[in-house]
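Listed here are the chains, written in short residue letters.
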Amino acid sequence: AGLFNTGAALDTLARFYAKAIVASGLSFDMLFGPAYKGIVLASATAMALSRPAGEFPGRNLPFAYNRKEAKDHGEGGSLVGAPLQGRVLIVDDVMSAGTAVRESIALIRQAGATAHAVAIALDRQEMATEKKGDATVDVPYSAVQFVRQNLGLQVCAIAELDDLLAYLSAQPGNTMGEHLSRVKAYRDRYGVSAT
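The rules we used
- Residues numbered from 1 in each chain as written.
- Predicted model: local features only at pLDDT ≥ 70, side-chain atom pairs only at ≥ 80, totals over all residues.
- Heavy atoms only, no water.
- Helix = DSSP H or I, 4+ residues; strand = E, 2+ residues; numbered from the N terminus.
- Buried < 20%, exposed > 50% of the residue type's maximum accessible area, 1.4 Å probe, protein only.
- Axes fitted to C-alpha atoms, helices over the stretch in contact; angles between N-to-C directions.
- Parallel < 35°, antiparallel > 145°, perpendicular 65-115°, else oblique.
- Left-handed = near helix turned anticlockwise from the far one by under 90°.
- Contact = heavy atoms within 4.5 Å.
- Nonpolar A, V, L, I, M, F, W, Y, C, P; charged D, E, K, R; others polar.
- Polar contact = N/O pair within 3.5 Å; in protein donor to acceptor, adjacent residues only side chain to side chain.
- Core = buried A, V, L, I, M, F, W, Y, C linked by side-chain atoms within 4.5 Å.
- Phe/Tyr/Trp six-rings, centres within 6.5 Å; stacked < 30°, edge-to-face > 60°.
- Lys NZ or Arg CZ within 6 Å of the ring centre and 35° of its normal.

Residue placement: K132 occurs in strand β6 (residues 127-132). Looking at K132, the relative accessible area reads 49%, which means it is partly exposed. In sequence terms K132 and L161 are 29 residues apart; their C-alpha atoms lie 27 Å from each other.

Attention shifts here to the packing of helix α5 (residues 161-169) against helix α6 (residues 180-190). Here α5 crosses α6 at 155 degrees, and the two axes come no closer than 10 Å. Judged on the interaxial angle alone, α6 and α5 are roughly antiparallel. Both α5 and α6 take part in a crossing whose hand is left-handed. On α6, the residues that touch L161, D162, L164, L165, L168 and S169 of α5 are L180, V183, K184, Y186 and R187. A class-by-class count of the residues in the contact of α5 with α6 yields 7 nonpolar, 1 polar and 3 charged.

You can see E126 is positioned in the loop between β5 (114-123) and β6. Looking at E126, its side chain comes within polar contact range of the side chain of Y186, at 2.2 Å. Once residues within four sequence positions are removed from consideration, E126 is found in contact with Y141, S142, A143, Y186, Y190 and V192.

This paragraph deals with the nonpolar core. In terms of nonpolar packing, the biggest core is built from 23 residues, with F28, L31, L89 and V91 touching the most fellow members. Mapped by element, the contributors of at least two residues to this core are α1 (7-24), α2 (37-49), β4 (87-91) and β5. Among the elements that line this core, the one with the most residues is α1, at 7 residues. L84, V88, M95 and L153 belong to the second-largest nonpolar core, a separate cluster that totals 20 residues.

Applying the stated criterion to the full structure yields 2 aromatic pairs. Seen in terms of ring centroids, Y141 and F146 are 6.1 Å apart; in terms of plane orientation they differ by 20 degrees. Their pairing is stacked. An angle of 45 degrees between the planes, with centres 5.2 Å apart, marks the rings of Y186 and Y190 as tilted. In this pair, Y186 and Y190 are both assigned in helix α6, 4 residues apart and thus about one turn of the helix distant. Between the NZ or CZ atom of R59 and the centre of the ring of F28, over which it lies, the distance is 5.5 Å.

The values reported here are purely geometric and, on their own, carry no functional implication.
Right under this line is the structure:
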């Protein structure tokens, strides 16, 4: 997500988030972006969803985000933006261990709102890890599966690792196709079954 570093690239990404969110049928009242990448993603997605054109509903939704370090001056605290209320859609780039989602859920609940769903750019369909004593072990489910099954949140992804593999497979003659073997090796090592 850090490579979406121009206005045009971010606008395109935000429109993909908005399109996936609308297509998913998720019902929510506001957006929340976990620091740091989620801040700009939630902001840009709120802008895309507010456009009353084409596939977008023209909903002017509030959004908020958190700071990693609370401020004791100015508006203070760790939350910035609209007050957290109602059903909240968390917007982030990916889920690896689900840590950012769990932290976001805690902040949202503490504010009296409900964490309702998560929107991500890519579901890497990657094995999650858990701490068992002093060791970290792989578990047979992904962070997305954990969030759906154990935390009860819906998850909307723009694309999955399977989509990326299909795209790369269709690109044998260009430089993108060169990444296919590395992504397949990644999937073989870290992948889980259908999410």
